[in-house]
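# A closer look at the structure
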Amino acid sequence: MGALFVVFLGSLFTAAAFNLFLIPHQLLSGGVSGLAMLTGYFTPLNISLLYFVYNIPLLIAGWFLLGKRYILLSIVSVAATTWMMTIIPVEAAAPDLLLSAVFGGVLIGIGVGISFRVGGSSGGFDILGSIITRYRDFPVGNVIVGLNGLVVLAMGYWSNNWNIALASMVSIYIAGKVLDLIHVSHVKVTLFIVSNHTDLLLEKLMPLQRGVTMIKAEGAFSHTPKDMLMTVTTRYELAELRRIIKETDPAAFVNMVETVGVMGSFRKG
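Cut-offs applied
Along each chain, residues carry numbers from 1 onward, in the same order as the chain's sequence is written. Owing to the predicted nature of the model, reporting of local features is limited to residues with pLDDT of at least 70; listing and counting of side-chain atom pairs is limited to 80 or more, with chain, interface and lining totals taken over all residues. Note that water and hydrogens are dropped before the side-chain values are worked out from all heavy atoms of the structure. The numbering of helices and of strands both runs from the N terminus, where a helix is a DSSP run of H or I of at least 4 residues and a strand a run of E of at least 2. Reported accessibility uses the Shrake-Rupley method at a 1.4 Å probe radius. Residues are deemed covered only where the shown protein chains occlude them. In this scheme, strands are said to pair when DSSP sees at least two bridges between them. Angles run from 0 to 180 degrees between N-to-C directions of axes, and those axes are lines fitted to C-alpha atoms, restricted for helices to the stretch in contact. Note on aromatic pairs: the rings of Phe, Tyr and Trp (six-membered ring only in Trp) are paired at centre separations within 6.5 Å, and the planes decide the class, stacked below 30 degrees, edge-to-face beyond 60, tilted for the rest. For the exposure calls, accessible area comes from a 1.4 Å probe over protein chains only, and a residue counts as buried if that area is under 20% of its type's maximum, exposed if over 50%, partly exposed in between.

## Overview of the overall build of the chain
Assigned secondary structure in the chain consists of 10 helices and four strands. Element-wise, carbon and sulfur atoms account for 68% of the exposed surface of the chain, whose accessible area totals about 13,200 Å².

Right, here's the structure in full:
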C-alpha cells in the first residue's frame, strides 16, 4: 500500500511537470513522454492518450525482462500520470522558458526517482534504461539522458526552433541528475543475512537470479550452528529483496554494506 501511494505521488509530480512547465512552452521531457509531446504538438492528437499508448510495448517488454512487481507498479504509474494529465490544467506556472525547463526537470526527476525507490518506474524510457543497465553497468539517469537526447534533436530539426530544443535538453539533463541523486541503481550492495529460516529464504531468493552464498556460522553466545546467506545486488532490486526477507523472516538479522566493486560472474542489472 505504501508503494502504491509513493507511485501515485510520483505520478502527480510528473503530470504537474508536464502540464504546468513543459507543455505550455512546447518543451519536451524526452523519451516516450517526449515522443507523445512531439506528436501532440504537430497533430491534433491528445498528448495524455499518446503517452499511455506509447508506453504499452515497453511495459510488455518489461513484463518479461524486469519482473512482474516492477511492471505492475509501472503500469499504475503510467495510468495515474495519464489520468492526472487530464485533470491538471495545461497552464504555464512560469512565463520564462528556462525557468520552466529547470523546474519541470526537477519535478520529473523527483517523480521518477521516488517511483524507482519503491521498485517501480514512470514507464517509458525508464523501463528501457533499466533493461540496459541490467546488462551494462551505467547510471540509469545517464542512459535515459542519452536516449532522450535523440528525441530532442528530432524536435529541433522538425520545428526548426533550437531554443526550445536546447531548453528541453536542460530540462532532461536536470531530470536525469535529480533521478540519480534519489535512486542510484548502479550502486552495488552486499547483504549478509542470518536467519532461522534459511531454506525458505533461499527458495524465495533464487528466482531473483542473483548468486547466493551459504556460509557456516555459529552464535557467539549460544554456540548454535547457523547458516548465513551472502548476496550482492543493486539498489534497483534492494526494495524487493528487503520485502522478501521481511515477509519470510521478520526476525532475520541483515547487514547491508555498500560494495565498492565486483569481479567475476555478476549480472549487472
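## Notes on the sheet that holds strand β4 (residues 253-259)
As summarised here, the arrangement of the four strands in space is β2-β3-β1-β4, forming an open sheet in which the pairing is antiparallel. Of all strands in the sheet, those with a lone pairing partner are β2 (212-218) and β4, marking the two edges. When the angles between neighbouring strand axes are averaged without regard to direction, this sheet yields 25°. Where β2 meets strand β3 (residues 225-234), seven bridges bridge the pair, whose relative direction is antiparallel. By the bridge assignment for β3, A217 is matched with K226.

## A word on the packing of aromatic side chains
Tallying each qualifying case throughout the model produces two aromatic pairs. Both rings, one in F18 and one in Y51, keep their centres 6.1 Å apart while their planes meet at 70°; by these two values the pair is edge-to-face. Placement of F18 in helix α1 (residues 2-22) and of Y51 in helix α3 (residues 47-65) is noted, with a sequence separation of 33 residues between them. The pair formed by F18 and Y51 is uniform in burial state, with each residue classed as buried. Between F21 and F103 the ring centres are 6.4 Å apart and the planes differ by 25°, which places this aromatic pair in the stacked class. Taken together, the positions of F21 in helix α1 and F103 in helix α5 (residues 97-117) put the pair 82 residues apart, joining distant regions of the chain. With relative accessibility at 12%, the residue F21 sits in the buried group.

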